[in-house]
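Below, each chain spelled out in residue letters.
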Amino acid sequence: MISGKTLTEYARLVIKIGVNLQKGQGLEIACPVEKSQVAQALTEAAYEFGAKIVRIRWESENINRINYLNASAEDLKEIPKWFVDSKNYLVEKGFCYVAVSADDPSAYKDVPPEKIAVVAKARAKALKKFSDNVMANGIRWCVVSVPTLAWAKQVFPNSEDPEKELSNAIEKAMRLDKKNPLNVWEEHIRTLDSRAQYLNNQRFEYLVFKNSKGTNLKVGLCDDHTWTSAKERAKDGVEFVANMPTEEVFTAPHRLKADGVLFSSMPLCENGQIVDDFTITFKKGKIVDFSAKKGYETLKHLIETDEGTKRLGEVALIGKSSPIAKSGILFYNTLFDENASCHLAIGKAYPTTVKNGDKLTIKELKEKGLNDSAEHIDFMIGTKDLSVTGIKKDGSETVIFKNGEWSI
Ligand code: ZN
Ligand code: ZN
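Residues numbered from 1 in each chain as written. Chains lettered and ligands numbered in written order. Predicted model: local features only at pLDDT ≥ 70, side-chain atom pairs only at ≥ 80, totals over all residues. Heavy atoms only, no water.

Asker: So what exactly am I meant to see when it comes to the coordination of the zinc ion (ligand 2) here?
Answerer: Under ideal tetrahedral coordination, the four donors around a metal are separated by 109.5 degrees; under ideal octahedral coordination, the six donors are separated by 90 or 180 degrees. Binding of the zinc ion (ligand 2) to the protein goes through Glu314 (OE), His376 (NE2), Asp378 (OD) and Asp378 (OD), at separations of 2.0 to 2.7 Å. Seen from the zinc ion (ligand 2), its four donor atoms lie at angles of 53 to 145 degrees, and the figure they make is irregular. (Donors = N, O, S within 2.8 Å, 3.2 Å for Na, K, Ca; no water. Tetrahedral: all angles 85-135°; square planar, octahedral: opposite > 155°, others 65-115°.)

See below:
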């Protein structure tokens, strides 16, 4: 378990670099109930940086699972108004929001996928206003992780002390093993920013992904797309980092311009269920076929959530020399695994990945090619031999990625 001085530094990173809490601001923390010491450290750090109030929302996968197994889908999909209001309150009152995600990747493996899909859909629909605000940076937010025993056992099934090993891996990924992590993070973000800057200057119209697994996918980019690193600017003008760790540079694909096939390179873990070894075929931006050796039903429900989950909402580039990729650990957790590999997402695109996107209406964003949905689901396609070629409007080609690594 991350503890002592390291936990204090961890909490400071999340509050200062992550949500970048400002003096006099409120904070809400969502945290697994068994990790109360992490919530406590975050609360202390928040007051150290001048928070006016810290509120906590406890989560419990065990109780969720018992609910899934015993309550009817009808009752489960009823999302109370007070819950929706309490989320919108955060935006109205200018709170920061930290989510500590420490899911057991197989938590709901004995729950029927239809039941989970119905509840996830109802929840996403009820919270659409809040998630639209989150994705348009109407609030400063950050997702981080801490190890739990159930999760650690899945990552290190043969270890004598899996939680310790997962702690070590997370500390490395968070650069907490370095001296003065706050400075190291600022330097790291500058490197990512310079890559985003390079891509913004190039104005590619298409990217072509190819590897020996069989991926051969041409992805069009939105008109006026902007590449961004994890450091983003919220609507209030203050910068923040929405995911920690983060190694990605990402932008918005055009919702009508994806053609070809992709092969997954890592499992996709969503809602306590695993999809693995899957392929997705696109035609004119839309998914026209898919297959999965594991978790086909789950993948089907994800893709069929709404019209937007049949199209792409993110394209992200990560080199194979990122610390997470180099560790070779499969975390079964998107927050980590997506930072080991180039990835795509189906569902809603970030309005912030289009020029002045936070000031445009959903309709205006759509005209530029931006995808909308109640969901946003990342999955990995990067391999050691992946190549990515950028194609400009004049047809000229630039190799951006060769053998899974940046070549710019
Ligand atoms: Zn991403
Ligand atoms: Zn994403």
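Now that the structure has been shown, we can carry on.
Asker: Can you help me understand the pairing of strand β13 (residues 273-283) in this one?
Answerer: Pairing geometry for strand β11 (residues 253-263) and β13, over four bridges, is antiparallel. Looking across to β13, one finds that Gly260 is bridged to Phe282. Of the pairings in the sheet, the one linking strand β12 (residues 268-270) to β13 comprises three bridges and is antiparallel in character. Considered in β13, the bridge of Leu268 is made with Val275. Remark: two residues form the turn of the hairpin made by β12 and β13, two consecutive strands paired antiparallel; Asn271 in that turn has positive phi of roughly 50 degrees. Pairing between β13 and strand β14 (residues 286-294): seven bridges, direction antiparallel. (Pairing = 2+ DSSP bridges. Helix = DSSP H or I, 4+ residues; strand = E, 2+ residues; numbered from the N terminus.)

Asker: Would you explain the packing of aromatic side chains in this entry?
Answerer: How two aromatic rings sit relative to each other is set out by the distance from centre to centre and by the angle between their planes. Across all of its chains, the model carries 10 aromatic pairs by this definition. Plain terms: the ring middles of Phe278 and Phe379 are 5.8 Å apart, the flat faces sit at 70 degrees to each other, and that makes the pair edge-to-face. Taken together, the positions of Phe278 in strand β13 and Phe379 in strand β17 (residues 376-380) put the pair 101 residues apart, joining distant regions of the chain. In terms of burial, Phe278 and Phe379 fall into one category: buried. Both rings, one in Phe331 and one in Phe336, keep their centres 4.6 Å apart while their planes meet at 20 degrees; by these two values the pair is stacked. Residue class for Phe331 comes out buried when judged on its relative accessible area of 1%. Here the aromatic cluster, defined as three or more aromatic residues joined through ring pairs, consists of Trp151, Phe331 and Phe336. For Arg175, the ring lying beneath its charged end belongs to Trp185, and the centroid distance is 5.9 Å. The ring of Tyr206 has Lys218 sitting right over it, with the charged end atom 4.4 Å from the ring centre. (Phe/Tyr/Trp six-rings, centres within 6.5 Å; stacked < 30°, edge-to-face > 60°. Buried < 20%, exposed > 50% of the residue type's maximum accessible area, 1.4 Å probe, protein only. Lys NZ or Arg CZ within 6 Å of the ring centre and 35° of its normal.)

Asker: In this structure, what is going on with the pattern of salt bridges? I would like to understand it.
Answerer: Oppositely charged side chains are able to pair whenever their charged atoms sit close together. Applying the stated criterion to the full structure yields 24 salt bridges. A salt bridge links Glu9 to Lys5; its shortest N-O distance comes to 3.8 Å. Here Glu9 pairs with Lys5, and both are found in helix α1 (residues 4-18), just four residues apart, close to one helical turn. A residue is classified by how much of its surface remains accessible, and Lys5, at 67% relative accessible area, is exposed. As a salt-bridge pair, Glu163 and Lys35 come within 3.1 Å of each other at their nearest N and O atoms. Placement of the pair is Glu163 in helix α9 (residues 162-173) and Lys35 in the loop between β1 (26-32) and α2 (36-48), with a sequence separation of 128 residues. Considered together, Glu163 and Lys35 belong to a single accessibility category, that of buried residues. Within this structure, Lys128, Asp132, Lys348 and Asp372 form a network of salt bridges that share partners. (Salt bridge = Lys/Arg side-chain N within 4 Å of Asp/Glu carboxyl O.)

Asker: When you look at the sheet that holds strand β10 (residues 249-251) in this model, what are you seeing that I'm missing?
Answerer: Strands belonging to one sheet form pairs held by backbone hydrogen bonds; the direction of such a pair is parallel or antiparallel. Taken in spatial order, the five strands of this open sheet run β7-β10-β15-β16-β17, and their pairing is antiparallel. Each end of this open sheet is capped by a strand with a single partner; those strands are β7 (228-229) and β17. Relative to strand β15 (residues 312-317), β10 runs antiparallel, the two sharing three bridges. Looking across to β15, one finds that Thr251 is bridged to Val315.

Asker: Sorry, what's going on with unusual backbone geometry here?
Answerer: With glycine set apart, most residues show a phi of negative sign, and most peptide bonds adopt trans. Going from Met244 to Pro245, the amide bond is cis rather than trans, its omega being 0 degrees. Mapped onto the elements of the fold, Pro245 is located in the loop between β9 (239-241) and β10. Here Asn137, not a glycine, exhibits a phi torsion of approximately 60 degrees, which is positive. Mapped onto the elements of the fold, Asn137 is located in the loop between α7 (128-135) and β4 (140-145). The backbone of Asp224 sits at a positive phi, close to 60 degrees, despite the residue not being glycine. Mapped onto the secondary structure, Asp224 falls in the loop between β6 (216-221) and β7.

Asker: I tried to follow the domain arrangement of the protein chain on my own but got confused; where do I start?
Answerer: Accessible area lost when the parts come together is the quantity often used to give the size of an interface. The assigned domain composition of the protein chain is domain 1 (4-173) and domain 2 (201-406). Relative placement of domain 1 and domain 2: their C-alpha centres are 23 Å apart. In this assembly, 44 residues from domain 1 lie in contact with 43 residues from domain 2. Between domain 1 and domain 2, roughly 3,400 Å² of surface is buried when both sides are summed, and carbon and sulfur atoms account for 63% of that area. Linking domain 1 with domain 2 are three salt bridges. For Asp132, the salt bridge is made with Lys348, and the minimal N-O distance between the two is 3.3 Å. Counting every contact that joins domain 1 to domain 2 gives 15 residue pairs in polar contact (both at pLDDT 80 or more). (Domains from an automatic or database assignment. Contact = heavy atoms within 4.5 Å. Buried area = accessible area lost by both parts, 1.4 Å probe. Polar contact = N/O pair within 3.5 Å; in protein donor to acceptor, adjacent residues only side chain to side chain.)

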